[in-house]
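# Structural overview for review
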Amino acid sequence: MKRTLNNTNRRKITQEQYSVVPASAGDFTNLIVEWDLVNLSLSSTDALTIEFATTGGRKRIELGEVGNGKGKLEIPNPFNTAVVIQATLRASADTQDGPRLWTAVSKGKSVILAIQENEDSSILPIVPVPNLTRLWALNFSGNPVLEVCNSQEIYANLKGNPAFFASLVPAIVQEIAERYLLGIGESRNWDNWPIFFENFGLSAEELDRFDALDVDTRLNEIMDKSRAIAEEYSAQMSIVSRVVTQLKELEND
Amino acid sequence: MIKELRVLNSKGLEAFRQGLRSKRADIRTYAKSIGNSAEYTSLIAKLEQPLGTPKTRMDVGVILYPLIGPSAPYSHIADDPMFWAWMSAVWMEDIIGPTEPVRSEERWIPDFTTRKYYRHLLQGPFVLYRAHSVDPTKIMVLLYQEVSKPGEVVAQIHASNDLAFSSAAELANMLYFDSATGAIKRGAGGNGAGSARRLASSFLNQFKVTLDIVGMTAQALFDILPAEYDKFKTK
């Protein structure tokens, strides 16, 4: 079988064109995958596949045919004990004489599955604190912990507001990224965060490069990189559009 | 004999890490003392049968899969770095001899970046065994080695999730494992024509950009290999 590797008309699926989120808060047994590939003009019979990877495995789920290019599906999470997984969306066409040919591919997208309360398995456990003088704060005495104000037991109200945690997440990721990049304390040995950041280009080699920079350049680059990671993560998780939708629904109720 | 499953606590992890970094001569017995210490570990479970001792990478899977495989009673610790650090601390004495070098830290304490995690001497073979648990003998090329000597073929194939957890691993087995000798064929290591390094970097990692290699069978991959692999096909 002969193929021309570089001439396949393969399209690029951008990070904004698909999202992967837990089907319900605090429950990671199912995921909702949503995609909009209309502008790629794919064949309606191309097959859509999503792959999930952790350090210990890789599994794929067939999402069906591309159809009109838009879709939303709830699927089982093949790694429901993982706290971070990487998702990759691809479309492919069958070839009569052999394997499927990719017609559109995305880059990997990190999905944090476990920001939840007091769970040992959580990448970021949440702890309500009665006397916290801020609405929230990160505690870095070990692995990062999110402390949320529970003065007069307001935590239940905060938790029930869809905008609250959604608006925190990018700021949390940025603050944690800064500490990780600076290498403060045990940050480079935190559980789960190194693989999360690796999905944003912070490989061991890249960390070495940051560490070798002079102080001013290093600080500037760390601030820029942390901000970029937070914004990319926010876009990947479609945080703004999800919160807008939820708030609109509340308004209509 | 190991009669219980434990995980290192943060104090134990730090003690183990410092022990490795200080290159102390008694690291094998020191590591075992950390692993057996109530101060440095937390108990997960007492075992009905004591654990065997692994000689090969395959043994690691055979011994641990019934305990921490996907449907096993302690599956929740299978991806816990504290468990793997503990496991390597208590088994270090069995894994390397008294004069054998410890080498890099990530061989003993998992480095959870995707590029290095497979270097852990126990977690590396275990995740391969788990991913191919239907028939692990189909990836003997990645599992036949002594625990402390994974070698070049493992480094090339396991460095990429796409290859390690797909039929590409079986393809490597078809090409490079000599079932008559129970070892890899001459020329599989290194960077010569048809070597595992070229299979990973020049064939599979390029074809996967265009073709759905993860969805292909090992035989289908075998059938489209370029001529440079012929010498391994025929042996």
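Only a predicted model underlies this, so the values are computations on that prediction, with no experimental measurement involved. (Residues numbered from 1 in each chain as written. Chains lettered and ligands numbered in written order. Predicted model: local features only at pLDDT ≥ 70, side-chain atom pairs only at ≥ 80, totals over all residues.)

## Remarks on the overall build of chain B
When its secondary structure is counted, chain B shows 12 helices and 4 strands. Compactness check: chain B gives a C-alpha radius of gyration of 19 Å against a globular reference of 18 Å for 235 residues, within 12% of the reference. For chain B, the spread of C-alpha atoms along the principal axes amounts to about 60 × 40 × 35 Å. By residue count, 47% of the 235 residues in chain B fall in the buried class. Contacts spanning at least 24 positions in sequence make up 69% of the contacts within chain B whose residues lie at least 6 apart. (Helix = DSSP H or I, 4+ residues; strand = E, 2+ residues; numbered from the N terminus. Rg over C-alpha atoms; globule rule 2.2 N^0.38 Å. Buried ≥ 20, exposed ≤ 12 C-beta atoms within 10 Å, placed from the backbone. Contact = placed C-beta atoms within 7 Å.)

## With respect to the overall build of chain A
Across its full length, chain A carries 6 helices and 12 strands. Buried positions account for 32% of the 253 residues belonging to chain A. In chain A, the proportion of contacts linking residues at least 24 apart, taken out of those at least 6 apart, comes to 57%.

## Let's talk about the packing of helix α1 (residues 10-21) of chain B against helix α2 (residues 27-35) of chain B
Residues and elements named next belong to chain B. Close contact between α1 and α2 brings their axes to 10 Å; oriented N to C, the two are set at 180°. One finds that α1 runs roughly antiparallel with respect to α2. Where α1 approaches α2, its residues Gly12, Ala15, Phe16, Gly19 and Leu20 are matched on the opposing element by Ile27, Tyr30, Ala31 and Ile34. Residue composition of the contact of α1 with α2, grouped by class: 7 nonpolar, 2 polar and no charged. (Axes fitted to C-alpha atoms, helices over the stretch in contact; angles between N-to-C directions. Parallel < 35°, antiparallel > 145°, perpendicular 65-115°, else oblique. Nonpolar A, V, L, I, M, F, W, Y, C, P; charged D, E, K, R; others polar.)

## A look at the nonpolar core
Residue and element names in this part refer to chain B. Phe16, Ala85, Val141, Val153, Ile157, Ala172 and Tyr176 are the most contacted members of the largest nonpolar core, which totals 67 residues. For this core, the element with the highest residue contribution is helix α4 (residues 81-95), accounting for 10 residues. Look past the residues within four positions of valine 141 in its chain and what remains in contact with it is Val153, Ala172, Asn173, Tyr176, Phe177 and Ile184. (Core = buried A, V, L, I, M, F, W, Y, C linked by C-beta atoms within 7 Å.)

## Let's talk about the sheet that holds strand β11 (residues 136-139) of chain A
Residues and elements named next belong to chain A. Pairing is mixed across the open sheet formed by 3 strands, whose spatial order is β10-β12-β11. At either end of the open sheet lies a strand with only one pairing partner, and these are β10 (126-129) and β11. Here the average twist between neighbouring strands, direction ignored, is 30°. With 4 bridges connecting them, β10 and strand β12 (residues 145-149) associate as parallel partners. What sits directly across from isoleucine 126, in β12, is leucine 146. (Pairing = 2+ DSSP bridges.)

## Side note on the domain arrangement of chain A
Splitting chain A by domain gives domain 1 (11-112) and domain 2 (126-252). Taken over C-alpha atoms, the centre of domain 1 of chain A sits 25 Å from the centre of domain 2 of chain A. (Domains from an automatic or database assignment.)

## Examining the pairing of β11(A)
As paired strands, β11(A) and β12(A) are joined by 4 bridges and run antiparallel to one another. Each residue of the ladder has a partner; that of Ala137(A), found in β12(A), is Glu147(A).

## Brief notes about the packing of helix α7 (residues 151-158) of chain B against helix α10 (residues 196-210) of chain B
Residue and element names in this part refer to chain B. Between α7 and α10, the shortest axis-to-axis distance is 8 Å and the interhelical angle comes to 15°. Considered as vectors, α7 and α10 are oriented roughly parallel to each other. Between α7 and α10 the crossing geometry is left-handed. In this structure, α7 contributes Glu152, Val153, Gln156 and Ile157 to the contact, and α10 contributes Ala196, Arg197 and Ala200. Classifying every residue of the contact of α7 with α10 gives 4 nonpolar, 1 polar and 2 charged. (Left-handed = near helix turned anticlockwise from the far one by under 90°.)

## Structural notes on the confidence of the model for chain B
All names here are of chain B. When the pLDDT values of chain B are averaged, the result is 91; 98% of them are 70 or greater. Per-element confidence in chain B ranges from a low mean pLDDT of 84 for helix α8 (residues 161-164) to a high of 98 for helix α3 (residues 57-68). Confidence estimates for the predicted assembly give a pTM of 0.71 and an ipTM of 0.72. (pLDDT = per-residue confidence, 0-100.)

## Structural notes on the environment of Leu207(A)
Residue and element names in this part refer to chain A. Structurally, leucine 207 can be placed in helix α4 (residues 204-211). What makes leucine 207 partly exposed here is the crowd of 18 C-beta atoms within 10 Å. Sequence separation between leucine 207 and leucine 182 is 25 residues, and the spatial gap between their C-alpha atoms is 9.2 Å.

## Some remarks on the environment of Glu48(B)
By secondary structure assignment, the location of Glu48(B) is in strand β2 (residues 41-51). Residues Glu48(B) and Lys3(B), spaced 45 residues apart in sequence, show a C-alpha to C-alpha distance of 7.5 Å.

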